[in-house]
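The primary structure of each chain is shown beneath.
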Amino acid sequence: MVTTSSVAAHVQDQVVEDHAKVGQEAHDDDQQKQLNAGALFVLKSKGSWVHCAYHLTTSIVGPDLLSLPYAFAFLGWTTGIFCLVIGASVTFYSYNLISLVLEHYAQLGHRHFRFRDLAHDILGPKWCWYFVGPIQFLVCYGAVVASILLGGQCMKSIYLLSSPNGSMKLYEFVIIFGCLMLVLAQIPSFHSLRHINLVSMLLGLAYSVCATAACIYIGNSSKGSQKDYSLKSSTVSRVFGIFNANAIIATIYGNGIIPEIQATVAAPVKGKMFKGLSVCYAVVTTTSFSVAISGYWAFGNKAEGLILSNFLDDGKPLIPKWLIFMTNVFTMFQLSAVGVVYLQPTNEVLETTFADPTRNELSARNVIPRLISRSLSVMLATAIAAMLPFFGDINSVIGAFGFIPLDFVLPAVLFNLTFKPSKRSPIYWLNITIAVVFSVLGIIGAVAAIRQISLDAKTYKLFANV
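Only a predicted model underlies this, so the values are computations on that prediction, with no experimental measurement involved. (Residues numbered from 1 in each chain as written. Predicted model: local features only at pLDDT ≥ 70, side-chain atom pairs only at ≥ 80, totals over all residues. Heavy atoms only, no water.)

Draft legend 1. Main features of the nonpolar core. Counting residues in each nonpolar core, the largest one holds 111 residues, and the members touching the most others are L66, F311 and Y342. The contacts of L66, once residues within four sequence positions are left out, are Y207, A211, V291, G305, L306, I307, L308 and T331. In this structure, F408, V409, A435 and F438 belong to the second largest nonpolar core, which totals eight residues. (Core = buried A, V, L, I, M, F, W, Y, C linked by side-chain atoms within 4.5 Å. Buried < 20%, exposed > 50% of the residue type's maximum accessible area, 1.4 Å probe, protein only. Contact = heavy atoms within 4.5 Å.)

Draft legend 2. Representation of the packing of aromatic side chains. Following the criterion strictly, the structure yields 15 aromatic pairs and no others. Between W77 and Y229 the ring centres are 5.7 Å apart and the planes differ by 55 degrees, which places this aromatic pair in the tilted class. Of this pair, W77 sits in helix α4 (residues 68-107) while Y229 is found in the loop between α8 (194-219) and α9 (235-253), placing the two residues 152 residues apart along the sequence. Its relative accessible area of 28% is what places W77 among the partly exposed residues. (Phe/Tyr/Trp six-rings, centres within 6.5 Å; stacked < 30°, edge-to-face > 60°. Helix = DSSP H or I, 4+ residues; strand = E, 2+ residues; numbered from the N terminus.)

Draft legend 3. A look at the packing of helix α6 (residues 125-162) against helix α12 (residues 321-354). At a minimum axis separation of 8 Å, α6 and α12 run at an interaxial angle of 155 degrees. Between α6 and α12, the interaxial angle falls into the category roughly antiparallel. Between α6 and α12 lies a crossing whose hand is left-handed. (Axes fitted to C-alpha atoms, helices over the stretch in contact; angles between N-to-C directions. Parallel < 35°, antiparallel > 145°, perpendicular 65-115°, else oblique. Left-handed = near helix turned anticlockwise from the far one by under 90°.)

Draft legend 4. Spatial organisation of a nonpolar patch on the surface. Where nonpolar side chains cluster on the molecular surface, the patch consists of I368, L371, I372, L376 and M379 and spans about 500 Å² of accessible area. With respect to the secondary-structure elements, L376 resides in helix α13 (residues 364-387). Look at L376 and you get exposed, because its relative accessible area is 53%. (Patch = residues over 30% accessible without salt bridge, like charges linked within 9 Å, V, L, I, M, F, W, Y side chains within 5 Å. Areas by Shrake-Rupley, 256 points an atom, 1.4 Å probe, with all protein chains shown as cover. Salt bridge = Lys/Arg side-chain N within 4 Å of Asp/Glu carboxyl O.)

Draft legend 5. Highlighting the side chain of T251. Here T251 is to be found in helix α9. A distance of 2.9 Å separates a polar atom in the side chain of T251 from the backbone oxygen of A247. (Polar contact = N/O pair within 3.5 Å; in protein donor to acceptor, adjacent residues only side chain to side chain.)

Draft legend 6. Here's a closer look at the pattern of salt bridges. The final tally for this structure, using the stated rule, is six salt bridges. Residue K44 is joined to E361 by a salt bridge in which the shortest nitrogen-to-oxygen separation is 2.3 Å. Taken together, the residues K44 in the loop between α2 (37-42) and α3 (49-60) and E361 in the loop between α12 and α13 connect sequence positions 317 residues apart. We note that K44, like E361, is buried. In this structure, R114 and D117 form a salt bridge, with 2.7 Å as the shortest nitrogen-oxygen distance. Given a relative accessible area of 9%, R114 falls into the buried group. Owing to a relative accessible area of 22%, D117 belongs among the partly exposed residues under this scheme. Here the salt bridges do not stand alone but share partners, grouping R114, R116, D117 and E348 into one network.

Listed below in C-alpha cells is the structure:
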C-alpha cells in the first residue's frame, strides 16, 4: 500500500532531480556563452540524439564504401568479411569509449567541444598541437577534397551517359561541383545541417541499394566478366595489398569528429551518443556489407577502385542507363553533405580566428569574414581535387595516416587514462590490445599507401582526365 510519506518522498526526489537537471542545463548555457566564436557559432549544443544519428551516419556512410569490393580483391572472401566485421565492431566500441570520456568531463562541469581540447587535457599540449590537431585537420580536409573529386567524377559519368563523345574534362566537373560546395559551406552551424544530413542518410541507403542491385544484375547476366576470386599477384604485392585494403576499410568506418558531433547535442548528453551510434551502425552495416559482398561476387578480382566504374565496359553500360544515372545522382548529392560535414572543423577554426563572439553571428561583422574565409577554403579544396584526381590512393592515405590513429587507437588510450581501469580488468587489456594492434596496422598501412602512390606516380599528371 502506498503511504502519504512515500509519495511525498518520491515527489521530493523528483523535484531534486529536476533542479539538478535545470542546474546542469544552466551551467552548460553559461559555459556556451563563454566559448570562443568557433564553438559558439559552429558547434551549437541544440541537437537531440536523433540529430546526432544523422550527423554520425553522414560522417561514416559515404561513397567511399563503393571501394569495398576493390579492397576485397586483395583480401578474398574470408579475410575480407572478417576485416569488415572487425572494423565495424572496433569502431562502434571505440566511439562509445570516447563518448563516455566526453560524458565524464561534462558531468564534472568541463564539456569538451573539440577533439584537440580533449587531447590537450588528457594527453597534454604537445600531443594536442603536434599530433591530434594536425591529423584531424588532415583527415577532415582530405575528406572534403575527396568528396569534391568524387562528386566531379559522378557528374562526368552522368554527362557521358547522355553525350558519349562529349569533350568536357573531369576537372571542369570538379569545378562545377566545387561551386555547389561553395554555396553549402555558408550554412552557419553544424546543427543547421541536421535536415540535410537526414536526406544524406536516405541517399546513402538509396545508392547502396542501387549499387547492390546493379552488381546482382550483372553477376546473374552474361554481360559481366568471368568471375575470378583468386589472389594472383606476387607475395610482396599481395602483402602490401592487404594492408592497403585495411586502410581503405579503416576509411570506410572512419569518423574523426566524434567530439565535434557530440558537442552539437543539447545537455544533458548522457546516453544520447549511444542511441545515435546504434542507429548509425544499423545503416553502416547494411550498406557496407551489401555493397562489398555483391560487388566482389559480381566482379571478383577485377573490381575497380570504385565499383561504379565496373558498370561500364569500354564505355558501354552493362546495366540499364537509368540505374547508372540514379546511382550517380544519389551519390553526387550525398557527397555534398559529406563534404560539408567534414568542413566543420575547418569552419570552427576560421570562426575562432576571424569572428567576434560578442556580436551576433548574422551581423555584417561576422557574415563577411565567414563568407570570404569559407569560400577560400572550398576553392583551395576544389583546386587540389582538380589537379590530383586519384581517389583510390587518396582514400588509402587518409585511412592509414588519419582514421586509424583517431578512431582505433586514441579512444582506447583516452579511456584508460581517464577512468584508469584496473590492470587486472578485461577492459584494460582489451583497450591496450586494440591500441597496439592498430598502431602497428596504421604504420604498415601508411607504408603500403606510400608504396602504392610511388607505383602509380608514373601515371599521374596534373588535371588528368581519369
